[in-house]
Each structure stands twice: as structure tokens, then as C-alpha cells.
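# Descriptive analysis of the structure
Here is how the chains run, residue by residue.
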Amino acid sequence: MRSATLTLFLAAVVGVAAQLLFFAKAPGINAAIAALLFVGVVLAVRRPALVDLWLPVGALAFAGLVAIRSEPAVVAFDALAAAGLAVATAASASRRITTLPLLALAREAGEVLGAVSVRAGGLIARARGERAALGPRYRSAAAYAGGLVLAVPFLVAFTALFSSADAVFARWAEDLLDPRLVRELPGRTVLAGAVAWVAAGALTLAARSGAAHEARGPHRPARAETALALLLPIDALFSVFVVLQAAYLFGGRDTVEAAGIPYSAYARRGFFELVGAASLVAAALFAVDLLARRTRLVVAAALALLPLTGVVLASAAYRLALYQEAYGWSELRLYALAATLFLGLTLAILGTAIVARRMDRAVQPVAAAALAVALAVNAVGPAGHIARANLDRAASGPSDERALRVDLWYLVSLGDGAVPELVARLPALPERERFCLTTLLRWSARWRDLDRPGPWQSLNLDRERAQQALLAVRDELFAPVVPPRDDHTRSRERAIETRYGAECAAAPEPGRR
């Protein structure tokens, strides 16, 4: 894009749209619209190479998921992934991103960070120079536009003063202008300016020359002997651990208890430590293959560590499964399982890169694996899955007398994604759990305006399904009934809270174990 003025105009359009979509609005379909607008502007400037087309597709996909899921952690990841992929789309319009080696990719990331941070300032200076070169007619139009922009704060101030001085004018101004919009004007201006600044810098990436960073092979300062001395002791230690796991954890309950360790305690401890060990192995293999000179022994030692680490991950996943079987699902356990899956994919990618001598190009597949796991988590729907699985587990009856009952407080706290599952299983619950859940859902419904939909910018599938589910049982939740026989002065709701509230409040929360 040769015109800095046009670039700034497109960035301003993105900024104005952002404040309309996001100011004082919950995340929802607004994220998808914003991503579609920005990606459309980038594609109008210059299209990425075929190998990089997954970047705009991914940006639109993750932005669309913000309009589906409502779990805070999932929405935050989806929004950040959509924003990152959108900026990467702008960068890929002039240079291929997917095939860059590690050092070139790092330099590209630094250039992108600098562009979105400060490059809009240089663009403004260029636009001033272009304005000076315009003909008289265009300079007059620009002057008129600048005068209108400068008049806006004066009009707002004078309107406020006249409204305070005259009641008739104040009523006319209220009918013509939304007072809330006037109060929100400073915040909206700041949001629009910030988004436009970042968008302008990102658009300069799409307009730059196509000369890519020099793709040189990585420098290998470490000797092969150093790498071998590092890997062989780790291989030996992991081999000992794998033998113990085969003998104890995978051997079953009797083998563990024979060692004097309660089976539940053995399953509960060590998961995060094992995941941390696998993460360190992945980082070590990445660094060794990049920095150390390759010999057959070094490659063999590195490849031998991969299946051993796979057993460590399997042990961690097995411990998590045992813990989940005893206490049910929680968000932390579901996300931990996703992290374990991602680490397994990462180890497979690193092993392939070692064999193919392409470790300097392994960052992009690892990032793609992270996005794939995130898509799987979105497809599962964490809150709905946890509520459904825990209620089904409670309905089928505990296999162990020490197993704890379902924690309805925790399930309701999962938010909109869990509400349809809770409402659907409400009639099948035992009396105590049914009344407890009814009370909790009533409290949840009071925070909503069931009869008034939210702003269209915040349209979200999970919130809409929760709204419809609560509407379907609103009569049951709020229907007036005859007070209890023991005390005619109390409502049915107060009786439920008295009878079951203490028990519900005392119920343990699986997410905090």
C-alpha cells in the first residue's frame, strides 16, 4: 500500500468499529466481526502465500469460538490466539512466515512487535507529507475534515452548558443525543485510538517489501561430547523411573499398597511434577539439537529419551485418570489433560525434527499443535462436559464408599456453559440435590434479565443456551407455593435455603482439591 493516508484511514475504520463492538460489551460475536474486518482489510492490501493461508483461517476460527464458549480461560485463549493470528496474517502478506527458520522467525517477531508499537507514528508523518503534495481540491477537503474533527469537543462542551442553562434545550438534547453515549465518549475515543494505532502498525507489515530475512542455518557452539554427557545421565535416570512405574503404578492397587503407600495418595501426587519433567525434556532436546554438533551417538541418545519421556507422560495421565475417577472432573483437571496431550504432540514433533534435521523449523508445528489442542478443548465445551460427567457419575452411584457426592456449588459456578446440562438433569436428581440445585439456579437467574436479550455485539452461544434453559424452568424456579406446614410465615424458598443451604455450603469443592 503506497498511500500512508489510505493506510491510516483503514486503521481508523478498524478503530471506530472496535469501540462500537467492544466498549462496555461482553465478548461474543463482536470478536468474529472484528477479526473478519481486519483480515479482510489485510487481504485487500495483499494476499499471503498459499502456505500461510492457515493464519487468516485460524484467526477467524478462534474469533468465532469466542461467540460460542463462555469459560473465561477458554475465551481468553481464543481471543489472544485470534489477535495473534490476525497480526501474523498481516506479516505473512509480504513474507512467508510458516517456512521461516528459528532465527529468522525470531527477527520477524521482533519486527512485528516494533511495528504494532511505534510504526504508526512514522505513518502519520508520511501522511502529512502526502497531504502537502496533494492538489488544491484535496487539500481543501482535508482542511474541512480537520475542522469538523476539531469542532466535536466544542460541540459537546457547548451542548452540556446549554443543557444545564435551559431545561427546554436539555430535553431536546436528551431526545437527540443519548446522554450515556456522551459520557462514554472519552473511553470510546481511547479504545478506538489504541486499536487504530496497533492496526496501522500491523498494516505497514502487509505493505512492506517482500524481502525476507536471511535464512541461515543455526550456529552450533556446543561440542558433541557435551551433548552426549548431558543426555546419557538423563536417559539412565528416566530408565530407572520407567521401571518403577511399570512395577508399581501400572501394576495396580495391590502392588502400590504392598509398598506401604495408599493408592489414592500415590495417584494424587506427582502429576504436575511429571508434566514439568516432560516439559524440561522437550526444552533440552530442542536446545541440544539446535546448539550441539550432531553425531550418531548424540542423535541416538536424544531419540532414546523420547519413548522414556512418553512413559513419564503416560504415568502422569494415568495418575490424573485415577484422581478424576475418585473425585470427578474439574476445569483444572480438564486443562491439565489438554496440556498432557499437547506435550505428547510436542515430543512427536521434536522427534521428527531430530530425524529430519529440521529443528530450526519446529516452532511453527509446535504452535499449530497448541492451536489444535485448543480447538479440541473448545469442541468439548469444558463447563458442559464437567457438569454432564459429574452428574452422570453421581447418578450411577459411587463405586467406593469414601467417594464424595457431586458438588453442585462448583458446577453452578462453572457458568453459562454448564447451565443447560444442570437444567436437563434437574428432574432426575435425588430430593436433596434437586432442591439444592433449584435454589442455586434461582440465585443464578436473579443475576440475569431473562426477558431482555443482551446487546447484539455480545451474542454468545453458551449464554444464549443458558438463557433459554433458565426460561424453560422459570415457572418452576419462581412459582409461588403454599408455605411449609411447620412455619406458615416462611416462603418455600426460605424453607429450602434453611433446610438445604447449610449442607450445600458445606459440600467440598472438587476444583480445590
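Located above this text is the structure these notes cover.
Model, not experiment: these values are computed from the prediction. (Residues numbered from 1 in each chain as written. Predicted model: local features only at pLDDT ≥ 70, side-chain atom pairs only at ≥ 80, totals over all residues. Heavy atoms only, no water.)

### Some thoughts on the side chain of Asp-52
To be explicit about the condition: Here a strand is any run of E in DSSP of at least two residues, a helix any run of H or I of at least four, and the numbering for each starts at the N terminus. Relative accessible area decides the class of each residue, using a 1.4 Å probe on protein chains only: under 20% of the type maximum gives buried, over 50% gives exposed, and in between gives partly exposed. When charges are counted, Lys and Arg contribute as positive and Asp and Glu as negative, whereas His and the chain ends are disregarded. Salt-bridge detection follows one rule: a side-chain nitrogen of Lys or Arg within 4 Å of a carboxyl oxygen of Asp or Glu. Pairing of N or O atoms within 3.5 Å defines a polar contact, subject to two protein rules: one partner must be a possible hydrogen donor and the other a possible acceptor, and residues neighboring in sequence count only if both atoms are side-chain atoms. The contact rule is simple, with two residues in contact once any of their heavy atoms fall within 4.5 Å.
Within the secondary structure, Asp-52 is located in the loop between α2 (29–45) and α3 (54–66). Nearest to the buried, unbridged Asp-52 among oppositely charged side chains is Arg-96, at 6.0 Å. A polar side-chain atom of Asp-52 sits 2.4 Å from a polar atom in the side chain of Thr-98. Excluding its chain neighbours within four sequence positions, the residues that come into contact with Asp-52 are Ser-92, Arg-95, Arg-96, Ile-97 and Thr-98.

### Side note on a nonpolar patch on the surface
Put simply, the rule is: Patches in this entry comprise residues that are over 30% relatively accessible and not in a salt bridge; like charges within 9 Å are linked, as are nonpolar side chains (Val, Leu, Ile, Met, Phe, Trp, Tyr) within 5 Å. Surface exposure here means Shrake-Rupley accessible area, sampled with a 1.4 Å probe, where a residue is shielded only by the protein chains that are shown.
On the surface, Phe-154, Phe-158, Leu-161 and Phe-162 cluster together into a nonpolar patch covering about 450 Å² of accessible area. Of note, Phe-162 is situated in helix α6 (residues 136–165). The class of Phe-162 is partly exposed, set by a relative accessible area of 46%.

### Some remarks on the packing of aromatic side chains
To keep things clear, this is the line we draw: Stacked, edge-to-face and tilted labels apply to pairs of Phe, Tyr and Trp rings (six-membered ring for Trp) whose centres lie within 6.5 Å, assigned for plane angles under 30 degrees, over 60, and everything in between, in that order. Charge-over-ring placement is defined geometrically: NZ (Lys) or CZ (Arg) within 6 Å of the ring centre, and within 35 degrees of the ring normal.
A full pass over the atoms with the stated rule returns two aromatic pairs. Relative to Phe-77, the ring of Phe-62 has its centre 6.3 Å away and its plane inclined at 65°; by these criteria the two rings are edge-to-face. Placement of Phe-62 in helix α3 and of Phe-77 in helix α4 (residues 72–92) is noted, with a sequence separation of 15 residues between them. Under the relative-accessibility criterion, Phe-62 is labelled buried at 2%. Where Trp-409 meets Trp-443, the ring centres are 5.8 Å apart and the plane angle is 50°; that geometry is what we call tilted. Of this pair, Trp-409 sits in helix α17 (residues 408–413) while Trp-443 sits in helix α19 (residues 431–446), and the two are 34 residues apart along the sequence. The class of Trp-409 is partly exposed, set by a relative accessible area of 35%. Across from the ring centre of Phe-435, 5.7 Å away, lies the NZ or CZ of Arg-434, which sits over that ring.

### Concerning the nonpolar core
Which entries qualify depends on this criterion: We call a set of buried residues a nonpolar core when its members are Ala, Val, Leu, Ile, Met, Phe, Trp, Tyr or Cys and they connect through side-chain atoms within 4.5 Å of each other.
Counting residues in hydrophobic clusters, the biggest one holds 38 residues, and the most contacted among them are Phe-38, Val-42, Phe-62, Leu-85 and Ile-97. Those elements giving two or more residues to this core turn out to be α1 (4–22), α2, α3, α4, α5 (102–133), α8 (179–207) and α15 (363–380). Counting 34 residues, the second largest nonpolar core, distinct from the first, contains Ala-224, Val-288, Leu-290 and Ile-354.

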